[in-house]
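Read off the chains here:
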Amino acid sequence: MGEYSLGDALKYFLNHSKLKGYIQALQIEDVWEQIMGKTIAKYTDKIQIQGKTLYISTSMAPLKQELLYQKETIIKRVNETLGENTIKEVVIQ
């Protein structure tokens, strides 16, 4: 068995575990205001990642409609933030 750095071992572990989505969701929550702006961030209730899908929850009907129109932009901005093409679909709840 070869030698690996601690960083490489952690990346391997995260890429092969179910924790990756939770950690990425936390990363997105930290920069959500920068990605989407103050108003959208203020009324976003919850952000989750399951597989390659980003789930965004809000109780504001007008915001849901606005986010539906911005799905492609959201995917692009989130993937740029994460540094990889993780998100393929956005579901607004």
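Residues numbered from 1 in each chain as written. Predicted model: local features only at pLDDT ≥ 70, side-chain atom pairs only at ≥ 80, totals over all residues. Heavy atoms only, no water.

(A) The arrangement of the packing of helix H2 (residues 19-36) against helix H5 (residues 71-82) in detail. Running from amino to carboxyl end, H2 crosses H5 at an angle of 120°, the nearest separation of the two axes being 10 Å. Relative to H5, the element H2 is oriented oblique. Considering how the two elements wind past one another, H2 and H5 form a crossing that is right-handed. Of the residues in H5, those in contact with Gln24, Gln27, Ile28, Val31, Trp32, Ile35 and Met36 of H2 are Ile74, Arg77, Val78, Thr81 and Leu82. Grouping the amino acids of the contact of H2 with H5 by side-chain chemistry returns eight nonpolar, three polar and one charged. (Axes fitted to C-alpha atoms, helices over the stretch in contact; angles between N-to-C directions. Helix = DSSP H or I, 4+ residues; strand = E, 2+ residues; numbered from the N terminus. Parallel < 35°, antiparallel > 145°, perpendicular 65-115°, else oblique. Left-handed = near helix turned anticlockwise from the far one by under 90°. Contact = heavy atoms within 4.5 Å. Nonpolar A, V, L, I, M, F, W, Y, C, P; charged D, E, K, R; others polar.)

(B) Fine view of the packing of helix H1 (residues 6-15) against H2. Where H1 meets H2, the closest approach of the two axes is 7 Å, and the angle between their N-to-C directions is 105°. Taken together, the axis directions place H1 and H2 in an arrangement best described as roughly perpendicular. On H2, the residues touching Phe13, Leu14 and Asn15 of H1 are Leu19, Lys20 and Ile23. Of the residues contributing to the contact of H1 with H2, the split by class is four nonpolar, one polar and one charged.

(C) Local environment of the layout of surface pockets. The computed volume of the largest pocket comes to approximately 160 Å³. Along its surface, the largest pocket is lined by Lys11, Leu14, Asn15, Lys20, Ile23, Gln24, Gln27, Leu82 and Glu84. Of all the elements in the fold, those that place two or more residues in the lining of the largest pocket are H1 and H2. Considering each element in turn, the lining of the largest pocket owes the most residues, four residues, to H2. A per-class count over the lining of the largest pocket returns three nonpolar, three polar and three charged. (1 Å grid on protein atoms, 1.4 Å probe; cavity = no way out; pocket = protein on both sides within 12 Å on 5 of 7 lines; lining within 4 Å. Points joined across faces, edges and corners; volume = space filled by probe spheres on them.)

(D) Highlighting the sheet that holds strand E1 (residues 46-50). Pairing in this open sheet of three strands is mixed, and the strands run E1-E2-E3 from one edge to the other. Looking along the sheet, the strands with just one partner apiece sit at the ends: E1 and strand E3 (89-92). This sheet shows a mean twist of 20° between the axes of neighbouring strands, independent of strand direction. Here five bridges tie E1 to strand E2 (residues 53-57), and the two strands are oriented antiparallel to one another. For Gln48, the partnering residue across the bridge sits in E2 and is Tyr55. Helix-sheet contacts for H5 involve E2 and E3, and the interaxial angle to E3 is about 120°. (Pairing = 2+ DSSP bridges.)

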